[in-house]
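A closer look at the structure
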Amino acid sequence: MKPINRPAQRRDTVRAPRLSLSGPRAKPVAKTSKSSKYVYLFGNKKADGDGSMKALLGGKGANLAEMTRIGLPVPPGFTLSTEVCTYFYANKRRPPRCWWPSARARAIPCPA
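What you see as residue numbers is a count from 1 along each chain, following the sequence as written. This being a predicted model, a pLDDT of at least 70 is required before a residue's local features are given, and a value of 80 or more before pairs of side-chain atoms are given or counted; all residues contribute to the totals for chains, interfaces and linings. To obtain the side-chain values, all non-hydrogen atoms of the structure were used and water was disregarded.

Remarks on the overall build of the protein chain
Check the secondary structure of the protein chain and you find three helices and three strands. Only runs of H or I of at least four residues qualify as helices and only runs of E of at least two qualify as strands under DSSP, and these elements are numbered from the N terminus. For the protein chain, the α and β elements follow one another from N to C terminus as β-β-α-β-α-α. Here the protein chain holds 112 residues, and the buried ones make up 21% of them. By definition in these notes, contact holds between two residues if any of their heavy atoms fall within 4.5 Å. Pairs at least 24 apart in sequence give 52% of the contacts found in the protein chain among residues at least 6 apart. In the form shown here, the protein chain has an accessible surface area of approximately 9,700 Å², with 56% of it arising from carbon and sulfur atoms. Partly exposed residues are those whose accessible area sits between 20% and 50% of the maximum for their type, while under 20% is buried and over 50% is exposed, using a 1.4 Å probe and protein chains only. Accessible surface is estimated by sampling points in the Shrake-Rupley manner with a 1.4 Å probe; for residues, cover comes only from the protein chains shown.

Below, the structure written as structure tokens:
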């Protein structure tokens, strides 16, 4: 007995649209703020930022700074501003040259 060759049945499935990674890239963002500060420290009951700086520090950074300011135990750390993050993703994941001297001046160890 010969097997019957039937065309494959097409299933009606819904697929998510594919995201193009090779599409147009975002242009580098011009510096909009007057501040040249890119690194904000928090910990040891001191914080450079506060809860009202969500646009600059992001939600997590602003909340960590606020928790430090009100006295909750938060391990010391730092937050890079959203300007650095925006620049990083708009420029092929390369950090701006200007942020590292700012971090070094604040005694933050060099990333490996």
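Structure's up, so let's keep going.
Section: the packing of aromatic side chains
Pairing of aromatic side chains requires ring centres within 6.5 Å, counting the rings of Phe and Tyr and the six-membered ring of Trp. Pairs whose planes differ by under 30 degrees are stacked, by over 60 edge-to-face, and all others tilted. Applying the stated criterion to the full structure yields one aromatic pair. Note on phenylalanine 88 and tyrosine 89: the rings are 5.2 Å apart at their centroids and 85° apart in plane angle, and the pair reads as edge-to-face. Judged by its relative accessible area of 26%, phenylalanine 88 is partly exposed. Judged by relative accessible area, tyrosine 89 falls into the partly exposed class, the value being 47%.

Quick notes on helix α1 (residues 54-69)
Given a rise of 1.5 Å per residue, 16 residues ought to cover 22 Å, yet the end C-alpha atoms of α1 are separated by just 15 Å, more than 12% below that figure. Bend is the name given here to the angle between axes fitted to two runs of seven residues, the run ending at a residue and the run starting at it. At lysine 60, α1 shows its largest bend, some 80°. All of the buried residues in α1 are Leu57, Gly58, Gly61, Ala62, Ala65 and Thr68. As for α1, its buried residues are in contact with β1 (39-43), β2 (46-47), β3 (77-80) and α2 (82-90). The span expected for a helix works out to 1.5 Å for each residue beyond the first.

A few points about the pattern of salt bridges
Any two side chains of opposite charge can pair, given that their charged atoms come close. What makes a salt bridge here is a side-chain nitrogen of Lys or Arg within 4 Å of a carboxyl oxygen of Asp or Glu, nothing more. Taken as a whole, this structure holds two salt bridges when the rule is applied. Note that arginine 69 is salt-bridged to glutamate 66, the shortest N-O span being 3.4 Å. Separated by three residues within a single helix, arginine 69 and glutamate 66 lie in helix α1, roughly one turn from each other.

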